[in-house]
Amino acid sequence: MIRFNNQRLPEGRVPDAFESIRRLFRLVMLPTGALACALAWSVEVLSGRIVPFDFYFLPIMGTLLAVSAFMLWRRPQLQLWVEYILFIALIAYLLITLEYQLRGYVPKYGHFNAFAYWYFLAFLIAFITWKPRQAVYICAGIYTVMLALLALNLQPLLQLDHAKAIESLNNIGQFYFACLAYMIGTYMLAQLRSQFVTMQQRALTDPLTGAANRRHGEEILALELDRANRYGHALSVIMLDLDHFKRVNDTHGHAVGDIMLCSVARTVDEQLRTSDHLARWGGEEFLVIAPELDDASVLAVAERIRTHISHLRIPEASEICPSASFGVAFLRTGDTPDTLFARADQALYRAKNGGRNQVVTEQPASVA
Ligand SMILES: Nc1nc2c(ncn2[C@@H]2O[C@H](COP(=O)(O)OP(=O)(O)OP(=O)(O)O)[C@@H](O)[C@H]2O)c(=O)[nH]1
């Protein structure tokens, strides 16, 4: 597992950039759905056309949506459960309503009532919540049940008088074809989203170790520096570079060197908190960005990583005893990412010159 953007992720995975859009979608859709339920219930009661199921279910659904919006706002960690429960409730409502409509409303009025609009949303939610393939299965399942309900109710519809039967069947046909078209459209959007996530992953991670790549490391450093300055928090960077790594390549080959780099990245990652970041800066050079840690704790982390690397052995060449040199710098007033990084680099240089396999901190401001 490698850390990326404060999340522990399976190697090489990047969080979905659509997550923030999904959160926004839920926060907008849930209250909107609650209002729609309240509107439908009031209008249907006033018009005297409300079916018994809607009379009880619409207030329950509306309350569920409003409570869910509140829960997602206050407790985002419950998001997945809220999503599943809501989806099941929505599908149950839509299928039961479809049955009511096909049996009673359509033969009487020649068309569905406004509930039909919400079917499209169900397909959209499926593709937003699940991976495209899973969503296809879920939507295909829902569509099959819809077709079965139609088949069960077709006979009475065909027995209506000619004009009413034509009007009803046309309306039902439009509805079913529109659902199909909507499903295919959302599937295409979901595929685009998957491709985007893959591209994003390639653009931001180092393909060998799965850590953030240098470009993304620079972005994270700039972001954390901004945050630290704004809130007056501490921020430190640890620059580490494997010692005599060229010898590993020269003696055991590039493939073993690659395995060593991956093992080191994993070892470093295991020593970090979820709020820390790891980026591969160059060949055998890594940068740890550690926000909100006091100086002594940062040095303890660097020392712990150094010890773990020195105990690291890889089965492909167990005689290699790796070590790394460390340069540590702490945020000062007026720092930019470049000045902070430059001090860590100078400290690393001194660690190398001082005999390697050691942690060296930046020089005090008066000396630097
Ligand atoms: N296997 C492998 N080797 C790499 C990769 N990137 C850079 N290297 C190698 O890392 C080595 C770095 O060598 P040097 O810069 O001389 O550093 P060093 O041998 O570790 O010596 P010191 O840093 O001074 O202790 C070179 O041999 C590069 O070819 C990579 O992705 N995989």
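Everything quoted here is computed from the prediction, not taken from an experiment.

**Q** Honestly, the pairing of strand S6 (residues 324-330) in this entry has me stumped. Any pointers?
**A** In summary, the side chains of a regular strand alternate between the two faces of the sheet. Counting buried residues in S6 gives 7 out of 7 residues, a clear majority hidden from the surface. What you see with S6 is no split at all: Ala324, Phe326, Val328 and Phe330 on one side and Ser325, Gly327 and Ala329 on the other are buried throughout. Pairing of strand S3 (residues 235-242) with S6 involves 7 bridges; the strand directions are antiparallel. Residue Leu240 lies in a different strand from S6, and its bridge partner there is Phe326. In the sheet, S6 pairs with strand S7 (residues 359-361) via 3 bridges, with the strands oriented parallel. Looking at S7, one finds that Phe326 is bridged to Val359. Following the chain from S6 across helix H11 (residues 337-353) to the adjacent parallel S7, one finds a crossover that is left-handed.

**Q** What is the right way to look at helix H2 (residues 52-74) in this model?
**A** Note on helix geometry: an α-helix contains 3.6 residues per turn, so any two residues three or four positions apart are oriented the same way. In this model H2 runs 34 Å from its N-terminal to its C-terminal C-alpha over 23 residues, within 8% of the 33 Å that 1.5 Å per residue would give. For H2, the complete set of buried residues consists of Phe53, Asp54, Phe57, Leu58, Met61, Gly62, Leu65, Ser68, Ala69 and Leu72. Residues of H2 that are buried make contact with helix H1 (19-47) and helix H3 (79-109).

**Q** It is not clear to me how the site of the ligand should be interpreted in this structure. Could you clarify?
**A** If you check the shell around the ligand, you find 16 residues, and the closest are His244, Phe245, Asn249, Asp258 and Arg280. Take His244: an N or O atom from its main chain is 2.8 Å from an oxygen atom of the ligand. Glu284 places a side-chain nitrogen or oxygen 3.1 Å from an oxygen atom of the ligand. Protein burial of the ligand: of its 670 Å² of free accessible surface, 68% is covered by the chains. Contributions of two or more residues to the shell around the ligand are made by S3, helix H8 (245-252) and helix H9 (254-270). The class makeup of the residues in the shell around the ligand is 3 nonpolar, 5 polar and 8 charged.

**Q** I'm lost on the environment of Ala255 in this one. Help?
**A** Positionally, Ala255 belongs in helix H9. Placed 102 residues apart in sequence, Ala255 and Asn357 show a C-alpha to C-alpha distance of 23 Å.

**Q** Honestly, the UniProt feature "domain: GGDEF" (unreviewed entry) in the protein in this entry has me stumped. Any pointers?
**A** Within this numbering scheme, the UniProt entry marks residues 233-364 as carrying the feature "domain: GGDEF" (unreviewed entry). Taken as a whole, residues 233-364 contains 44% helix and 23% strand, while its terminal C-alpha atoms sit 19 Å from one another.

**Q** Mind showing me how you'd approach the pattern of salt bridges here?
**A** A side chain with one charge can pair with a side chain of the opposite charge if their charged atoms come near. Tallying each qualifying case throughout the model produces 11 salt bridges. In this structure, Lys352 and Asp243 form a salt bridge, with 2.9 Å as the shortest nitrogen-oxygen distance. Of this pair, Lys352 sits in helix H11 while Asp243 is found in the loop between S3 and H8, placing the two residues 109 residues apart along the sequence. Asp243 carries the same exposure label as Lys352, and that label is buried. Through salt bridges with shared partners, one network takes in Arg332, Asp335, Arg343 and Glu362.

**Q** Just checking my understanding: could you explain the packing of aromatic side chains for this structure?
**A** The way to describe two aromatic rings as a pair is by their centre distance and the angle between their planes. On inspection of all chains with the given rule, the structure shows 19 aromatic pairs. Ring centres of Phe57 and Tyr93 lie 5.1 Å apart, and the angle between their planes is 5°; on these two criteria the pair is classed as stacked. Here Phe57, found in helix H2, pairs with Tyr93, found in helix H3; they are 36 residues apart in sequence, far enough to count as distant. Judged by its relative accessible area of 9%, Tyr93 is buried. Relative to Tyr176, the ring of Phe175 lies with its centre 5.5 Å away and its plane at 85°, an arrangement referred to as edge-to-face. Accessibility classification places Phe175 together with Tyr176 in one group, the buried group. Connected via pairs of aromatic rings, a cluster forms that spans Phe112, Phe115, Tyr119, Tyr143, Phe175 and Tyr176.

Rules of the game
Residues numbered from 1 in each chain as written. Predicted model: local features only at pLDDT ≥ 70, side-chain atom pairs only at ≥ 80, totals over all residues. Heavy atoms only, no water. Buried < 20%, exposed > 50% of the residue type's maximum accessible area, 1.4 Å probe, protein only. Helix = DSSP H or I, 4+ residues; strand = E, 2+ residues; numbered from the N terminus. Pairing = 2+ DSSP bridges. Right-handed = clockwise from strand over helix to strand, strands pointing away. Expected span 1.5 Å × (residues − 1). Contact = heavy atoms within 4.5 Å. Near = heavy atom within 4 Å. Polar contact = N/O pair within 3.5 Å; in protein donor to acceptor, adjacent residues only side chain to side chain. Areas by Shrake-Rupley, 256 points an atom, 1.4 Å probe, with all protein chains shown as cover. Nonpolar A, V, L, I, M, F, W, Y, C, P; charged D, E, K, R; others polar. UniProt positions renumbered as here; feature names shortened; annotations may be inferred. Salt bridge = Lys/Arg side-chain N within 4 Å of Asp/Glu carboxyl O. Phe/Tyr/Trp six-rings, centres within 6.5 Å; stacked < 30°, edge-to-face > 60°.

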